[in-house]
Amino acid sequence: MHALVTTAAPSTNPTHTHTPPFRSYLHLVGCFQVSKVAIQALAASGFVRRLEDLSLAGCVRLHEAAFINLAHNLGCLRNLNLAGCTEAVTDKMVEAVGRHCPLLEHIDLTECEGVGAHGVKSLVVHCRRMISMDFTGCNRLNDVAMLPFADATFKPGIETLVLVGCPGIGDTGLSWICDGVFDSLVLLNIKGTRCTTSALRSCLDRFRYSKMRKNNTFMGLYPERRWKDRVIINEYGTIYRSAAKLQAAYRARVGRRLAQEAKEKFYRNWVATHLQAMWRSKQARAFYELLRWEKARKDEAQMVLAGFAKIIAAMEILQGLREEAYLALANKCAIVVQAVYRGRCGRRRVARILDNLRIQRILEDRCARLLQRVYRGHVGKLRFKQMLKEHREWLAKCIKSASKLQRVWRGKQARRRVAAHRYAIEHRAELEQYSATLLQNRFRLYRCKNIIARAQAEKARAAVAALYVQTAWRARCARMELDIRKQVRQQELEEKAAIALQCLFRCHKARAIVQELKDARDDYARRLDEAAYMVQRAYRGYQARLKVLALRENMDDLQRKMIELENWAAIRIQVTFFASHDDPCIP
């Protein structure tokens, strides 16, 4: 760390003539050896938490992760200068600054080639107090990066925006900037961009405190002379007009209140005179309604008497319908009983027929099995004779082959014996004993082979015969068991089918009977209710006629009392109304 500047540098922004007096600041301008270790040490110190001004211009060895960690602690930062850091400043670093420095007002990202659209969006969205932004030489910026300015909500508002040397920005980005910050922006430098002069002229009328300027070093909107004074004057005019409108609204409200009071006084007098007329007309209408009610009762009494006659006729009809319904129900029940009995007789007959068929089927199966058993026995005998014949032929062939082999063997032995005889002549005394022993061995071997062959043949014949007998017996047992299972299964299926058919038929008949009973019950209840309603209406009419007769007897006295009550109510209303208007203390 080669330089530590402790004094605020003068501002080059034409919108203000001096740098704001920050309480704590750190300037490391041109310290190109500031790297990861220094940034980590700075982030770990408690000084950065209250830092308001930070300048790292020319520090080309900034580390991304260390700077992001540092940005987490810069909650009070208001001024940030990263000019000349080239590719050391990335989008993620600018996003971290925007997310964790909500009080940021001034930022300088000159020649920061790594800054893109995401960093600009983070600054515009999160830093609501931004006043000036410098993106000179940020060649990664394009029209999409300017889109967040269209929805920006800066308070009090951004005043300076420098986009020099950003070739990716065109007329579209300029239109988005003008749509979002036209009310506060006074300095806009778009030198080195793709923005055209015609697009700039079309947006000029929206900026009240700026004028268009174009030369070798500047192209865009430049603030007019004493633009801040003009802002103050316009604000004063707005406040003056608002005050005048409020005074006019207050005077109109007072006038409307006085007019309302005069109207209320007039309407009170008018209501007092009309209330009496309304009361008298109400009493007249009540008397008229009473006369109409009396006439209506007379008509209703006549209708009730006619209703009594209808009730008697309806009761007679109801009794006849009940008898008809009872007879119909009895006929249906008799039919159902007959159908159940015929079904039971039919099921018995079907069961007897099925039993006969089952017995006949069992006898036929037994006869078939007997015939099959006899036929299989005959076939087995023929096959056994054939096999015995084949075995005998095979034995004959074996004997013939054995005879041939014996002849060959005897010839060979004879030749050996001749040779041996010749040898014996020479060694007779020595070989006599050896020849006797050899002959005994050969004879015993021959007898043993014959005995073993005869035993094997007898065993094979016995095994074949036993195998045929066992096969026939097992097949017969299997067929018998299969037939019994088939018969049992068929009987079970027939019983289940018969039971299911019986259940379905009985359920169908029961549902039909229940539905008919329900319909009869509902019809009877409906007619009974109608008859009860007619009786109730007749009784109420009778009571009403008694009351009307009682009222007629006292009609003269009632009319006199109603007239006295009307006069008393009218006098009471007038006294109350005039007393409330004459004496304000009376409620």
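### Observations concerning the nonpolar core
Of all hydrophobic cores here, the largest spans 67 residues; its most connected members are Leu62, Leu82, Leu104, Leu109, Leu123, Phe135 and Phe149. For this core, the secondary structure elements donating two or more residues are helix 1 (36-44), helix 2 (64-71), helix 3 (91-100), helix 4 (117-126), helix 5 (171-181), helix 6 (197-204) and strand 9 (219-223). Discounting chain neighbours no more than four positions away, the residues touching Leu109 are Leu82, Val94, Val115, Leu123, Asp134, Phe135, Thr136 and Cys138.

### Quick look at the pairing of strand 9
For strand 9, the tally of buried residues reaches four of five residues, placing the bulk of the element in the interior. Looking at chain direction, strand 7 (residues 187-189) and strand 9 are connected through two bridges and run antiparallel. Directly across from Leu188, in strand 9, lies its bridge partner Leu221. Note that strand 8 (residues 210-214) and strand 9 share five bridges and pair antiparallel. The partner of Lys211 across the bridge, within strand 9, is Tyr222. The turn linking strand 8 back onto strand 9 is made up of four residues.

### As for a positive patch on the surface
A surface patch of like charges, here positive, comprises Lys412, Arg415, Arg416, Arg442 and Lys449. A relative accessible area of 51% places Lys449 in the exposed class.

### Description of the packing of aromatic side chains
Inspection of every chain in the model, using the stated rule, returns two aromatic pairs. If you follow Arg213 out to its NZ or CZ, it ends over the ring of Tyr222, 3.9 Å from the centre.

### Considerations on the sheet that holds strand 2 (residues 53-55)
Taken in spatial order, the nine strands make up an open sheet running 1-2-3-4-5-6-7-9-8, and their pairing is mixed. Lying at the two open borders of the sheet, with one neighbouring strand each, are strand 1 (25-27) and strand 8. Here the strands of the sheet are splayed against their neighbours by 10° on average, with no regard to which way each runs. Pairing between strand 2 and strand 3 (residues 79-81): three bridges, direction parallel. The partner of Ser55 across the bridge, within strand 3, is Asn81.

### Quick look at the side chain of His106
The residue His106 is located in strand 4 (residues 106-108) in this model. Here the side chain of His106 touches Ser132 through a polar contact of 2.7 Å, side chain to side chain.

### A few points about empty space enclosed by the protein
Summed over all chains, the structure comprises one cavity of 30 Å³ or more. In terms of residue count, helix 7 (residues 227-553) provides more of the lining of the largest cavity than any other element does, six residues in total. For the lining of the largest cavity, the per-class residue count stands at five nonpolar, no polar and two charged.

### Concerning the packing of helix 3 against helix 4
For the pair helix 3 and helix 4, interaxial distance at closest approach is 8 Å and the crossing angle is 5°. One element, helix 3, and the other, helix 4, form an angle in the roughly parallel class. Each of Asp91, Val94, Glu95, Val97, Gly98 and Arg99 in helix 3 lies in contact with helix 4, whose residues at this interface are Ala117, His118, Gly119, Ser122, Leu123 and His126. Taken together, the residues of the contact of helix 3 with helix 4 sort by class into four nonpolar, five polar and three charged.

### A word on the environment of Glu530
Positionally, Glu530 belongs in helix 7. A relative accessible area of 40% means that Glu530 is categorised as partly exposed. Measuring from C-alpha to C-alpha, the distance between Glu530 and Gly173 comes to 85 Å, with 357 residues separating the pair along the chain.

### Description of the packing of helix 1 against helix 2
Where helix 1 meets helix 2, the axes come as close as 9 Å, and the angle between the chain directions of the two elements is 15°. Taken together, the axes of helix 1 and helix 2 are roughly parallel relative to one another. Seen along the crossing, helix 1 lies across helix 2 with a hand that is left-handed. Where helix 1 approaches helix 2, its residues Lys36, Ile39, Gln40, Leu42 and Ala43 are matched on the opposing element by Ala66, Phe67, Asn69 and Leu70. Across the contact of helix 1 with helix 2, the residue classes tally to six nonpolar, two polar and one charged.

### Observations concerning a nonpolar patch on the surface
On the surface, Phe266, Tyr267, Trp270, Val271, Leu275 and Met278 cluster together into a nonpolar patch covering about 620 Å² of accessible area. Mapped onto the secondary structure, Val271 falls in helix 7. Judged by relative accessible area, which is 35%, Val271 ranks as partly exposed.

### Some words on the pattern of salt bridges
Under the defined criterion, the tally for this structure stands at 16 salt bridges. Arg268 is the partner of Glu264 in a salt bridge, and the nearest nitrogen-oxygen pair spans 3.8 Å. Here Arg268 and Glu264 lie together in helix 7, a separation of four residues that amounts to about one turn. The exposure class assigned to Arg268 is partly exposed, which follows from its relative accessible area of 35%. A salt bridge links Glu481 to Arg485, with the nearest nitrogen and oxygen atoms 2.6 Å apart. Of this pair, Glu481 and Arg485 are both found in helix 7, four residues apart, which corresponds to roughly one turn of the helix. On the basis of relative accessibility, which here comes to 55%, the residue Arg485 falls in the exposed class.

### Quick look at helix 1
Along helix 1, the residues classified as buried are Ile39, Leu42 and Ala43. Here the buried residues of helix 1 occupy an arc of 100° about the axis, which is enough to place them on one side. Exposed residues on helix 1 whose side chains face more than 90 degrees from its buried face are Val37, Ala41 and Ala44. For helix 1, the elements touching its buried residues are strand 1 and helix 2.

Cut-offs and rules
- Residues numbered from 1 in each chain as written.
- Predicted model: local features only at pLDDT ≥ 70, side-chain atom pairs only at ≥ 80, totals over all residues.
- Heavy atoms only, no water.
- Core = buried A, V, L, I, M, F, W, Y, C linked by side-chain atoms within 4.5 Å.
- Buried < 20%, exposed > 50% of the residue type's maximum accessible area, 1.4 Å probe, protein only.
- Helix = DSSP H or I, 4+ residues; strand = E, 2+ residues; numbered from the N terminus.
- Contact = heavy atoms within 4.5 Å.
- Pairing = 2+ DSSP bridges.
- Patch = residues over 30% accessible without salt bridge, like charges linked within 9 Å, V, L, I, M, F, W, Y side chains within 5 Å.
- Areas by Shrake-Rupley, 256 points an atom, 1.4 Å probe, with all protein chains shown as cover.
- Salt bridge = Lys/Arg side-chain N within 4 Å of Asp/Glu carboxyl O.
- Lys, Arg positive; Asp, Glu negative; His and termini not counted.
- Charge placed at Lys NZ, Arg CZ, Asp CG, Glu CD.
- Phe/Tyr/Trp six-rings, centres within 6.5 Å; stacked < 30°, edge-to-face > 60°.
- Lys NZ or Arg CZ within 6 Å of the ring centre and 35° of its normal.
- Axes fitted to C-alpha atoms, helices over the stretch in contact; angles between N-to-C directions.
- Polar contact = N/O pair within 3.5 Å; in protein donor to acceptor, adjacent residues only side chain to side chain.
- 1 Å grid on protein atoms, 1.4 Å probe; cavity = no way out; pocket = protein on both sides within 12 Å on 5 of 7 lines; lining within 4 Å.
- Points joined across faces, edges and corners; volume = space filled by probe spheres on them.
- Nonpolar A, V, L, I, M, F, W, Y, C, P; charged D, E, K, R; others polar.
- Parallel < 35°, antiparallel > 145°, perpendicular 65-115°, else oblique.
- Left-handed = near helix turned anticlockwise from the far one by under 90°.
- Arc of directions from axis to C-beta.

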